[in-house]
Amino acid sequence: MPGPPLPRNGSSLPPLSPPPLPRAAVVAAGARPGDARAMAAMAALPPTPLSPPGGGAADAAGPEGAEGLFVLLGAGLAAASHPLLYVKLLVQVGHEPLPPTIGRNVLGRKVLYLPGFFTYARHIVEVDGKRGLFRGLTPRLISSTLSTITRGSVKKAFPLEDMEHVSNKDDVKTSLRKVVRETSHEMMMQCVSRVVSHPLHVISMRCMVQFVGREVKYSGVFSAIGRIFKEEGVLGFFVGLVPHVLGDVIFLWCCNLLAHFINTYAVDDNFSQASVIRSYTKFVMGIAVSMLTYPFLLVGDLMAVNNCGLRAGLPPYAPAFASWIHCWRYLSAQGQLFRGSSLLFRRAPIPAAFPID
């Protein structure tokens, strides 16, 4: 007796899609391990294309194998972006070893520009060689891997099995309820992964800022763990955690809610490209909101290296802060809450009596 007719593609089973890319992989490869600012990009990516009949390499490897591939991918991207993070951190702590240069702005006026990323990176190579650009990479890779694994474990332990993706066919209340559920679940995963990976993040930051004073206090992961525990106790591994978590939470809620309201009220369904615009709204919102939440990132990084015995965390670079709020107020009074947010065109603060000839 002949069996049921085969589908047109000639396979007895419908084509299978590879598992969606976990957002943790993007987080691991971003500017910060566990940073929620990379998640908006994931929501904006177009759907993953279908694999050939019978499944692809990801299907054969299974969920565990795919997760391992994503960890390796995240580690590779983190290593490639490490020089950018390194220069950014040195700028954040206020280390400016090179003098500013005179340039012109878009209006043709003369202004002082601090060295950009490429000039700064060239200076690091001249001092420490090319390997110097990867100072602090090992603890950062461990932190990124911990963040990826933790997010995956939390997602498996607390799945949203009944969650439906937001559709433009939903009414306002239904779609808003779905956004709140998704964001709450994402916030839980992000907060847990941030707590787990933060100790290695602190070690990575301190290894990098040793460039300022040419110290060798934190020379390895295990020796750094022992030193921090001996000098600061368990709490020393979590300095700067609160502003990082607050920044992540504010970013997630603002980005997701703004994208939802724009897609609901600003994008007309009659517009031919409405679906395309909706797919990239969260990506654009992620860029905008990340600029607004940057001070939390800056304060968290400065607290991680403050008053730890390294020159970059002591005067004249910064006073010994009593709390992250003290650090925030100090930067706000100095007009430096966005220090390090740009690495290409960095205008130098000009004293009132400084003439530019």
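Everything numeric here is computed off the predicted structure, so don't read it as measured data.

1. Here we look at the overall build of the protein
Argument step 1. Per the secondary structure count, the protein includes 11 helices and three strands.
Argument step 2. Reading the secondary structure of the protein in the N-to-C direction produces α-α-α-β-β-α-α-α-α-α-α-α-α-β.
Argument step 3. Looking at the 357 residues of the protein, the share that counts as buried comes to 43%.
Argument step 4. Intrachain contacts of the protein at a sequence separation of at least 6 include 77% that bridge at least 24 residues.
Argument step 5. On the protein, roughly 19,100 Å² of surface is accessible, and the fraction owed to carbon and sulfur atoms is 66%.

2. Remarks on the nonpolar core
Argument step 1. One finds V87, V93 and I124 to be the most contacted residues of the largest nonpolar core, which totals 44 residues.
Argument step 2. Counting residues per element, the ones that place at least two in this core are α3 (57-92), α4 (117-128), α6 (172-213), α7 (221-232), α10 (294-305) and α11 (324-334).
Argument step 3. Beyond its immediate sequence surroundings of up to four residues, I124 is in contact with Y86, V87, L90, G129, G132, L133 and F211.
Argument step 4. Core analysis: the second largest hydrophobic core is formed by five residues, C255, A259, M285 and V289 among them.

3. So, the pattern of salt bridges
Argument step 1. In this structure the tally under the stated criterion is eight salt bridges.
Argument step 2. D248 serves as the salt-bridge partner of R194, at 3.0 Å between the closest nitrogen and oxygen. One end of the pair, R194, is in helix α6; the other, D248, is in helix α8 (residues 241-266), and 54 residues separate them in sequence.
Argument step 3. Taking the shortest distance from any N to any O, the salt bridge between E232 and R206 comes out at 2.7 Å. One end of the pair, E232, is in helix α7; the other, R206, is in helix α6, with 26 residues separating them in the sequence.
Argument step 4. A relative accessible area of 0% places R206 in the buried class.
Argument step 5. Each of the salt bridges in this network shares a partner with another, and the network as a whole consists of D128, R135 and R214.

4. A few points about the confidence of the model for the protein
Detailed reading of predicted coordinates is not advised where the pLDDT is low.
Argument step 1. Residue-level pLDDT values for the protein average 80, and 76% of them are 70 or greater.
Argument step 2. Predicted confidence is poor over residues 4-31, with pLDDT under 50, and the contacts of this stretch with residues over four places away or in other chains come to 59 contacts.

5. Some words on the packing of aromatic side chains
Argument step 1. If you walk through the whole model with that rule in mind, you get seven aromatic pairs.
Argument step 2. Between Y86 and F211 the ring centres are 6.3 Å apart and the planes differ by 85°, which places this aromatic pair in the edge-to-face class. Here Y86 is found in helix α3, whereas its partner F211 is found in helix α6, with 125 residues between them in sequence.
Argument step 3. Ring plane angle 25° and centroid distance 6.2 Å describe the contact between F261 and Y265, whose orientation is recorded as stacked. With F261 and Y265 both in helix α8 and four residues apart, the pair spans about one turn of that helix.
Argument step 4. For Y265, a relative accessible area of 58% puts it in the exposed group.
Argument step 5. These aromatic residues form a ring-pair network of at least three members: F296, W324 and W328.

6. Structural notes on the sheet that holds strand β3 (residues 346-347)
Sheets are built from strands that pair by backbone hydrogen bonding, the pairs being arranged parallel or antiparallel.
Argument step 1. Taken in spatial order, the three strands line up as β1-β2-β3 in an open sheet, and their pairing is antiparallel. Edge positions in the sheet fall to β1 (101-104) and β3, since each has one partner strand and no second.
Argument step 2. Relative to β3, strand β2 (residues 110-114) is paired through two bridges, and the arrangement is antiparallel. Following the sheet pairing, L114 is matched in β3 by R346.

7. Considerations on the pairing of β1
Argument step 1. As paired strands, β1 and β2 are joined by four bridges and run antiparallel to one another. Following the sheet pairing, G103 is matched in β2 by V111.
Argument step 2. A loop of five residues connects β1 with β2, the two strands running antiparallel in sequence, and G108 in this loop sits at a positive phi of about 85°.

8. Focus: a nonpolar patch on the surface
Argument step 1. A contiguous nonpolar patch, built from V276, Y280, F283, V284, I287 and M291 and spanning about 550 Å² of accessible area, is present on the exposed surface.
Argument step 2. Following the sequence through the fold, M291 ends up in helix α9 (residues 274-292).
Argument step 3. By relative accessible area, M291 is classed as exposed at 55%.

9. Focus on the environment of L298
Argument step 1. In this fold, L298 is placed in helix α10.
Argument step 2. Look at L298 and you get buried, because its relative accessible area is 0%.
Argument step 3. Placed 39 residues apart in sequence, L298 and L337 show a C-alpha to C-alpha distance of 7.3 Å.
Argument step 4. Among residues more than four places away in sequence, those in contact with L298 are Q92, L331, Q336, L337, F338 and R339.

Rules of the game
- Residues numbered from 1 in each chain as written.
- Predicted model: local features only at pLDDT ≥ 70, side-chain atom pairs only at ≥ 80, totals over all residues.
- Heavy atoms only, no water.
- Helix = DSSP H or I, 4+ residues; strand = E, 2+ residues; numbered from the N terminus.
- Buried < 20%, exposed > 50% of the residue type's maximum accessible area, 1.4 Å probe, protein only.
- Contact = heavy atoms within 4.5 Å.
- Areas by Shrake-Rupley, 256 points an atom, 1.4 Å probe, with all protein chains shown as cover.
- Core = buried A, V, L, I, M, F, W, Y, C linked by side-chain atoms within 4.5 Å.
- Salt bridge = Lys/Arg side-chain N within 4 Å of Asp/Glu carboxyl O.
- pLDDT = per-residue confidence, 0-100.
- Phe/Tyr/Trp six-rings, centres within 6.5 Å; stacked < 30°, edge-to-face > 60°.
- Pairing = 2+ DSSP bridges.
- Patch = residues over 30% accessible without salt bridge, like charges linked within 9 Å, V, L, I, M, F, W, Y side chains within 5 Å.

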